[in-house]
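Below are the chains, spelled out letter by letter.
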Amino acid sequence: MLRAGADRQPCVIENVTARCRERAPWSFDRRTARGLGGSARIAICPPIARARCGGDAMSSEADGSKRGRFLRKGPAMRTSAPPKQGGAKTMTLAINGHSYALDLDVRTTLLDALREHLHLTGTKKGCDHGQCGACTVLVNGRRINSCLTLAVMHEGDAITTIEGLGSPESLHPMQRAFLEHDGFQCGYCTPGQICSAVAMLDEARAGWPSHATEDVAAPRVALSDAEIRERMSGNVCRCAAYPNIVAAIRSVAGGGER
Ligand code: FES
Ligand code: FES
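None of these values were measured; they are calculated from a predicted model.

Asks: Pulling in residues and values, what's your account of the overall build of the protein chain?
Replies: Broken down by element type, the protein chain carries nine helices and nine strands. Nonlocal contacts in the protein chain, meaning residues at least 24 apart in sequence, comprise 59% of its contacts between residues at least 6 apart.

Asks: Mind laying out the environment of S251, listing which residues take part and the relevant values?
Replies: Mapped onto the fold, S251 is located in helix α9 (residues 242–253). The sequence separation of S251 and P173 amounts to 78 residues, and the corresponding C-alpha distance is 9.6 Å. When sequence neighbours within four positions are dropped, the list of residues in contact with S251 reads A177 and H181.

Asks: Requested: an account of the sheet that holds strand β8 (residues 142–145), with residues and values cited.
Replies: Judged by pairing direction, the sheet is mixed, and its five strands sit side by side in the order β6-β5-β9-β7-β8 without closing on themselves. The open sheet has two edge strands with one neighbour each: β6 (98–105) and β8. The average angle at which neighbouring strand axes cross in this sheet is 40°, direction not considered. In this structure, strand β5 (residues 88–95) lies alongside β6, joined through eight bridges in antiparallel fashion. Counted as the bridge partner of T92 is A101 from β6.

Asks: So what about the nonpolar core? Which residues, and what values?
Replies: Counting residues in hydrophobic clusters, the biggest one holds 40 residues, and the most contacted among them are M174, I194, C195, A197, V198 and I249. At the level of elements, β5, α4 (110–117), β7 (136–139), α5 (162–165), α6 (173–180), α7 (190–205) and α9 are the ones that each hand at least two residues to this core. Per element, the largest residue contribution to this core is six residues, and it comes from α7. Residue contributions to this core reach at least three from each of two domains, namely domain 2 (88–165) and domain 3 (173–253).

Asks: Tell me about the pairing of β7, and please be specific about residues and values.
Replies: Sheet topology note: the β7/β8 ladder contains four bridges and is antiparallel. The residue of β8 that forms the bridge with T136 is N145. Where β7 meets strand β9 (residues 158–160), two bridges bridge the pair, whose relative direction is antiparallel. By the bridge assignment for β9, L138 is matched with T160.

Calculation criteria
- Residues numbered from 1 in each chain as written.
- Chains lettered and ligands numbered in written order.
- Predicted model: local features only at pLDDT ≥ 70, side-chain atom pairs only at ≥ 80, totals over all residues.
- Helix = DSSP H or I, 4+ residues; strand = E, 2+ residues; numbered from the N terminus.
- Contact = placed C-beta atoms within 7 Å.
- Pairing = 2+ DSSP bridges.
- Axes fitted to C-alpha atoms, helices over the stretch in contact; angles between N-to-C directions.
- Core = buried A, V, L, I, M, F, W, Y, C linked by C-beta atoms within 7 Å.
- Buried ≥ 20, exposed ≤ 12 C-beta atoms within 10 Å, placed from the backbone.
- Domains from an automatic or database assignment.

Put into structure tokens, the structure is as follows:
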């Protein structure tokens, strides 16, 4: 019989049985046990539960069955090598009209590929969790959070970052509107706001409704301020430059309703 060595250590039981649940029903931290077979279950019981169930009583030696077996925690539980993760892959990404061949770990996000490997630092990392929109880029004309997608998934896609929308000598109309309407303060969210706004106007022109659209069957969406705010709600501005951001977008959209 194998059992946890020190009294204060939890027991780890392979193959949870009804008897386990009867004796210490509150104790189980059940999970699928990797390396113990696809359907194997383990229970990790704290010392108090172990005292209650008796520990030994659950062993195959004590009751003559094979329903319980104590295992040591840690490496002794592992019956096979951990699965290999990641691995490098050569991939080609089309970004701002240029083709880049990269050797990247397949787990690299598009955001990290842009910033850390291609040094296109216009795209910002805010939350890295899909919450703030600072990392918004365009993929085939549609806006996405580049922190939530893997670079390897975008071979063959046309990726546009803020650097590809315009240049200092020839600004995109949305970039110019943000300048004219003072649509930023610290500017950290601004590349994401601008990329998002450009794609958002295309979505509205295509008649895509939003949560704020009153008549979802209407062929044309009137871009009211409420529409703009709703459609841009995935882009957070910590400086709260929202009124001016809305004004900038409205000016590019052609005025629209207020
Ligand atoms: S960094 Fe991607 S959503 Fe915040
Ligand atoms: S301008 Fe500072 S976060 Fe938006």
